Amino acid sequence: MEDKKQRIRELLTDALPSVNLDSDFLFSELDSIGVVTVTVILSNEYGIELDSSDITPKNFMNLDSIASMVENKLEGK
């Protein structure tokens, strides 16, 4: 999962340069456009479908929780 976390960091750093990806509450760093950007990037990169039930403060708490959400989605495919 560490590789996935690093890849997500790379993707989001490029797309959202002003967001502190090391924040302990990443969700609060994102506006609605940022949330959409994250979901589109992850959907495209990993071929997963993210819907409104996935966009929660718990899933977007930090990079670890985002990577875990992606991992869970991939296992559920």
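Attention here is on the structure that accompanies the text. (Residues numbered from 1 in each chain as written. Predicted model: local features only at pLDDT ≥ 70, side-chain atom pairs only at ≥ 80, totals over all residues. Heavy atoms only, no water.)

1. Topic: the packing of aromatic side chains
Move 1: On inspection of all chains with the given rule, the structure shows 2 aromatic pairs.
Move 2: Ring geometry for Phe27 versus Phe60: centroids 6.1 Å apart, planes at 70°, classification edge-to-face. Taken together, the residues Phe27 in the loop between helix H1 (2-15) and helix H2 (32-46) and Phe60 in the loop between H2 and helix H3 (63-75) connect sequence positions 33 residues apart.
Move 3: On the basis of relative accessible area, Phe60 is assigned to the buried category, the value being 0%.
Move 4: Grouped by ring-pair contacts, the aromatic residues Phe25, Phe27 and Phe60 constitute a single cluster. (Phe/Tyr/Trp six-rings, centres within 6.5 Å; stacked < 30°, edge-to-face > 60°. Helix = DSSP H or I, 4+ residues; strand = E, 2+ residues; numbered from the N terminus. Buried < 20%, exposed > 50% of the residue type's maximum accessible area, 1.4 Å probe, protein only.)

2. Re the packing of H1 against H3
Move 1: Close contact between H1 and H3 brings their axes to 9 Å; oriented N to C, the two are set at 110°. Considering their axes alone, H1 and H3 lie roughly perpendicular with respect to each other. Pair H1 / H3 crosses with right-handed handedness. Residues Lys4, Lys5, Ile8, Arg9 and Leu12 of H1 form the contact with H3, whose own contacting residues are Leu63, Asp64, Ile66, Ala67, Val70, Glu71 and Leu74. (Axes fitted to C-alpha atoms, helices over the stretch in contact; angles between N-to-C directions. Parallel < 35°, antiparallel > 145°, perpendicular 65-115°, else oblique. Left-handed = near helix turned anticlockwise from the far one by under 90°. Contact = heavy atoms within 4.5 Å.)

3. Thoughts on the side chain of Lys4
Move 1: By the secondary structure assignment, Lys4 is in helix H1.
Move 2: A relative accessible area of 17% means that Lys4 is categorised as buried.
Move 3: At a separation of 2.9 Å, a polar atom in the side chain of Lys4 contacts the side chain of Glu71.
Move 4: In this structure Lys4 touches Tyr46, Ala67, Val70, Glu71 and Leu74, once residues within four positions along its chain are discounted. (Polar contact = N/O pair within 3.5 Å; in protein donor to acceptor, adjacent residues only side chain to side chain.)

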